[in-house]
Amino acid sequence: MTQDSRATGELTVIQLEVEPASAEALAPFGAIVGREAPVTPVSVDFYKGAVKMSYPARFLCEHPVEITLAQMDRRQGEVRYMERHFQHTQAFLPLGGKPFVAVMAPPGEDDLPDLSKVRAFRFDGSAGFAMHIGTWHEFPFAVEDDTDLVVILSSQTGYDLKAKDAKTEEAHGPDLDKKDIVARTGHVFRFDLGVN
């Protein structure tokens with residue numbers, strides 16, 4: 001949700017209000033993955049109820065799945081790039097309970113995200129999320145240095161990122177569509193990361 005926008009020379013700054021991540025708020029973008037996900041746990045019979053499994057999100061992927069670790073430090077709360085995936089439902093899962101912010105726009109048919117629907121969500125570190133195929137997003141932002149996220153993604157994404165266009169600094173491939181929103185629209189999204 002945009003709070004205000006103001007022209008700065010040729011660039012329009014759109015200030016995002018950072019919202020708490022919840023299952024309801026994230027529904028247009030994907031599913032929350034954590035204890036608070038709105039799904040019913042299923043007991044695993046072998047352990048007399050001591051182990052419960054749940055299925056908070058479906059993970060779909062047309063290629064081998066990679067489990068990667070992103071070690072993040074704080075960076076400026078500014079969104080220049082947004083990307084989407086066509087062949088998998090990427091997931092971000094925090095380790096160590098540290099908060100992070102994710103900026104997303106819902107999937108759409110257009111070549112760019114609907115700028116009026118871009119939202120920023122603060123995760124408290126107790127849950128992650130799995131995106132719908134086609135959800136526009138920027139890589140999450142650490143609220144504290146030394147924040148670790150497990151990223152579950154398609155192996156194709158790595159190949160697509162390596163095919164970065166030197167002129168546009170964008171990347172495209174069978175799975176990935178990464179766009180320079182600032183260069184293409186003259187708009188930049190900014191938000192306050194807040195305090196620890």
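For the structure given in this document, a descriptive report is provided here. Everything numeric in this text was worked out from a predicted model, so none of it was measured. (Residues numbered from 1 in each chain as written. Predicted model: local features only at pLDDT ≥ 70, side-chain atom pairs only at ≥ 80, totals over all residues. Heavy atoms only, no water.)

Secondary structure summary: the protein chain contains three helices and 19 strands in total. For 196 residues, the compact-globule estimate of 2.2 N^0.38 gives 16 Å, and the C-alpha radius of gyration of the protein chain, at 17 Å, lies within 12% of that figure. Projected onto its principal axes, the C-alpha positions of the protein chain cover 65 × 35 × 30 Å. Considering only contacts in the protein chain between residues 6 or more positions apart, those separated by 24 or more positions represent 76%. As displayed, the protein chain offers around 10600 Å² of accessible surface, 52% of which is attributable to carbon and sulfur atoms. If the 20 positive side-chain charges of the protein chain are averaged to one point and the 30 negative ones to another, these points end up 2 Å apart. (Helix = DSSP H or I, 4+ residues; strand = E, 2+ residues; numbered from the N terminus. Rg over C-alpha atoms; globule rule 2.2 N^0.38 Å. Contact = heavy atoms within 4.5 Å. Areas by Shrake-Rupley, 256 points an atom, 1.4 Å probe, with all protein chains shown as cover. Lys, Arg positive; Asp, Glu negative; His and termini not counted. Charge placed at Lys NZ, Arg CZ, Asp CG, Glu CD.)

Note: strands within a sheet are paired through backbone hydrogen bonds, in either parallel or antiparallel orientation. On the basis of which strands lie adjacent, the open sheet formed by five strands has the order E4-E13-E10-E16-E7 and antiparallel pairing. Looking at the sheet topology across the chains shown, the edges are occupied by strand E4 (30-33) and strand E7 (65-72). Strand-to-strand twist across the sheet, computed as the mean angle between neighbouring axes with direction ignored, equals 20 degrees. The pairing of strand E10 (residues 91-95) with strand E16 (residues 147-154) spans five bridges and is antiparallel. Of the residues in E16, the one forming a bridge with Pro94 is Leu149. The strands touched by helix H2 (residues 155-162) within the sheet are E7 and E16, with E16 carrying the most contacts at an inclination of about 100 degrees. (Pairing = 2+ DSSP bridges. Axes fitted to C-alpha atoms, helices over the stretch in contact; angles between N-to-C directions.)

This brings us to the side chain of Asp177. Tracing the sequence through the fold places Asp177 in strand E18 (residues 176-180). Within polar-contact distance, the side chain of Asp177 engages the side chain of Arg84 at 3.0 Å. Side-chain polar atoms of Asp177 contact the side chain of Lys179, separated by 3.2 Å. Once residues within four sequence positions are removed from consideration, Asp177 is found in contact with Met82, Glu83, Arg84, Phe86, Asp111, Trp136, Ala171 and His172. (Polar contact = N/O pair within 3.5 Å; in protein donor to acceptor, adjacent residues only side chain to side chain.)

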